[in-house]
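# Chain and residue survey
Residue strings, one per chain:
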Amino acid sequence: MSEHTAAGGDASAVISADLLAILVCPVDKGDLRLEGPTLVCTGCGRNYPIEDGIPNMLVEDDR
Ligand SMILES: [Zn+2]
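The following refers to the structure shown. (Residues numbered from 1 in each chain as written. Predicted model: local features only at pLDDT ≥ 70, side-chain atom pairs only at ≥ 80, totals over all residues.)

## A short note on the overall build of the protein chain
Definition in use: Only runs of H or I of at least four residues qualify as helices and only runs of E of at least two qualify as strands under DSSP, and these elements are numbered from the N terminus. Counting other C-beta atoms within 10 Å of its own, a residue is labelled buried from 20 upward, exposed at 12 or fewer, and partly exposed in the gap between, with every C-beta atom placed from the backbone. By definition, residues are in contact whenever their C-beta atoms, placed on the basis of the backbone, come within 7 Å of each other.
A count of helical and extended segments in the protein chain gives one helix and four strands. Along its sequence from the N terminus, the protein chain presents helices and strands in the succession α-β-β-β-β. Sorting the 63 residues of the protein chain into buried and exposed places 6% on the buried side. A sequence separation of at least 24 residues applies to 17% of the contacts in the protein chain between residues at least 6 apart.

## Here's the deal with the pairing of strand 2 (residues 38-41)
Worth spelling out the cut-off: If DSSP finds at least two bridges between two strands, the strands pair.
Alternating residues of strand 2 divide into Leu39 and Cys41, all buried, and Thr38 and Val40, none buried. Of the pairings in the sheet, the one linking strand 1 (residues 32-35) to strand 2 comprises four bridges and is antiparallel in character. Looking at the pairing, Glu35 lines up with Thr38 of strand 2. Remark: two residues form the turn of the hairpin made by strand 1 and strand 2, two consecutive strands paired antiparallel; Gly36 in that turn has positive phi of roughly 60°. In this sheet, strand 3 (residues 47-51) lies alongside strand 2 in antiparallel orientation, the contact comprising three bridges. Paired with Leu39 across the two strands is Tyr48, which belongs to strand 3.

## Describing the sheet that holds strand 4 (residues 54-55)
With antiparallel pairing, four strands are arranged side by side in an open sheet as 1-2-3-4. Two strands close off the open sheet at either side, each with one partner strand: strand 1 and strand 4.

## Remarks on the environment of Asp52
Looking at the element boundaries, Asp52 is found in the loop between strand 3 and strand 4. Of the residues examined, Asp52 has 6 C-beta atoms within 10 Å and is grouped as exposed. The spacing of Asp52 and Ile15 is 37 residues in sequence and 8.6 Å in space, taken between C-alpha atoms.

## Considering unusual backbone geometry
One non-glycine residue with positive phi stands out, namely Lys29, at about 60°. Turning to its location among the elements, Lys29 is positioned in the loop between helix 1 (17-22) and strand 1.

## Describing the pairing of strand 3
Between the antiparallel neighbours strand 2 and strand 3 lie five residues, among them Gly45 with a positive phi of about 85°. In the sheet, strand 3 pairs with strand 4 via two bridges, with the strands oriented antiparallel. Across the sheet, residue Glu51 finds its bridge partner in strand 4, namely Ile54.

The values are spatial; any link to function lies outside them.
Set out below in structure tokens:
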């Protein structure tokens, strides 16, 4: 789908590339990959939602 949106810009840019470049997974310091509106750790596979351009890096303690 390559429809243009009047809102302007790349719809996939929910987070800036600069910010993405410095972010790492808080659990294992793995690289994060953008998947739609979510950041996914390439290491442990956890995912973090992006809310209003700010990634929610809260980690549930799942022990
Ligand atoms: Zn991770």
